[in-house]
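Below, each chain spelled out in residue letters.
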Amino acid sequence: MLQPKKTKFRREQKGVMKGMAQRGNQLAFGSFGLKTLENCWLTANQIEAARQAISRCMNREGQIWIRVFPQKPFTKKPLSTRMGKGKGDPQGFVCPITPGRILFEAEGVSFDVAKEAMRLAANKLPVATKFIVRRDYVVE
């Protein structure tokens, strides 16, 4: 599961997700990509499930790039605990996502295979996504 080796602080504030993605909003490595259309927190498990779906659909051919990494810790208080008494314990890591962010990129497979792989990955994610293709890509 994806998580940072080391963090400076155990707990972090929630933060505000507003506006479009300023970084990671262009295809950088592959010809095909999966772009988000909404805000969300992606957990490490969701990213891994989507990665496995892409990898299986592509029959381990081509190459996949994961463009997001969960480095923000999220906390939870135990069930049936009264209010107060401080912040809860860290439960895992998430990646805050804003609209326009590229989540995955792929290369080395046909257009149809890439489109199906990204569709399967999108089903594993809690956010609306869009399949995108590099501008100078020529469909054979």
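One can find the structure itself at the top, above this paragraph.
In what follows, the accompanying structure is described.

Reading the values: the criteria
Residues numbered from 1 in each chain as written. Predicted model: local features only at pLDDT ≥ 70, side-chain atom pairs only at ≥ 80, totals over all residues. Heavy atoms only, no water. Buried < 20%, exposed > 50% of the residue type's maximum accessible area, 1.4 Å probe, protein only. Helix = DSSP H or I, 4+ residues; strand = E, 2+ residues; numbered from the N terminus. Pairing = 2+ DSSP bridges. Axes fitted to C-alpha atoms, helices over the stretch in contact; angles between N-to-C directions. Parallel < 35°, antiparallel > 145°, perpendicular 65-115°, else oblique. Left-handed = near helix turned anticlockwise from the far one by under 90°. Contact = heavy atoms within 4.5 Å. Nonpolar A, V, L, I, M, F, W, Y, C, P; charged D, E, K, R; others polar. Phe/Tyr/Trp six-rings, centres within 6.5 Å; stacked < 30°, edge-to-face > 60°. 1 Å grid on protein atoms, 1.4 Å probe; cavity = no way out; pocket = protein on both sides within 12 Å on 5 of 7 lines; lining within 4 Å. Points joined across faces, edges and corners; volume = space filled by probe spheres on them.

## Side note on the pairing of strand β6 (residues 102–107)
At step 1: Here β6 lies mainly inside the structure; five of its six residues are buried.
At step 2: Bridge count between strand β1 (residues 32–36) and β6: four bridges; the pairing is antiparallel. Bridge pairing links lysine 35 to isoleucine 102 in β6.
At step 3: The sheet contact formed by strand β3 (residues 63–66) and β6 spans four bridges and is antiparallel. If you follow isoleucine 66 over to β6, its bridge partner there is phenylalanine 104.

## Description of the packing of helix α1 (residues 44–57) against helix α2 (residues 111–123)
At step 1: Close contact between α1 and α2 brings their axes to 8 Å; oriented N to C, the two are set at 155°. If you check the angle between α1 and α2, you find them roughly antiparallel. For the element pair α1 and α2, the recorded crossing hand is right-handed. Within the contact between the two elements, α1 uses Ala50, Ala53, Ile54 and Cys57 and α2 uses Val113, Glu116, Ala117, Met118, Leu120 and Ala121.
At step 2: Across the contact of α1 with α2, the residue classes tally to nine nonpolar, no polar and one charged.

## Structural notes on the packing of aromatic side chains
At step 1: Within this structure, the stated rule accounts for five aromatic pairs.
At step 2: Relative to phenylalanine 131, the ring of phenylalanine 32 lies with its centre 5.9 Å away and its plane at 15°, an arrangement referred to as stacked. Linking phenylalanine 32 in strand β1 with phenylalanine 131 in strand β7 (residues 129–133), this pair joins segments that are 99 residues apart in sequence.
At step 3: When the ring of phenylalanine 111 is compared with that of phenylalanine 131, the centres are 5.7 Å apart and the planes differ by 75°; the resulting orientation is edge-to-face. With phenylalanine 111 in helix α2 and phenylalanine 131 in strand β7, this pair connects stretches of sequence that are 20 residues apart.
At step 4: Members of the aromatic cluster, joined through ring pairs, are Phe32, Phe111, Phe131 and Tyr137.

## Some remarks on the layout of surface pockets
At step 1: Size it by volume and the largest pocket reaches roughly 200 Å³.
At step 2: Every residue along the wall of the largest pocket is listed here: Asn25, Gln26, Leu27, Lys35, Ile102, Ile132, Val133, Arg134 and Arg135.
At step 3: Each residue belonging to the lining of the largest pocket can be placed in one class, and the counts come to four nonpolar, two polar and three charged.
At step 4: Surrounding the second largest pocket, Met20, Ala21, Gln22, Arg23, Pro96, Ile97, Thr98 and Arg101 form its lining.
At step 5: Of the residues in the lining of the second largest pocket, the class split is four nonpolar, two polar and two charged.

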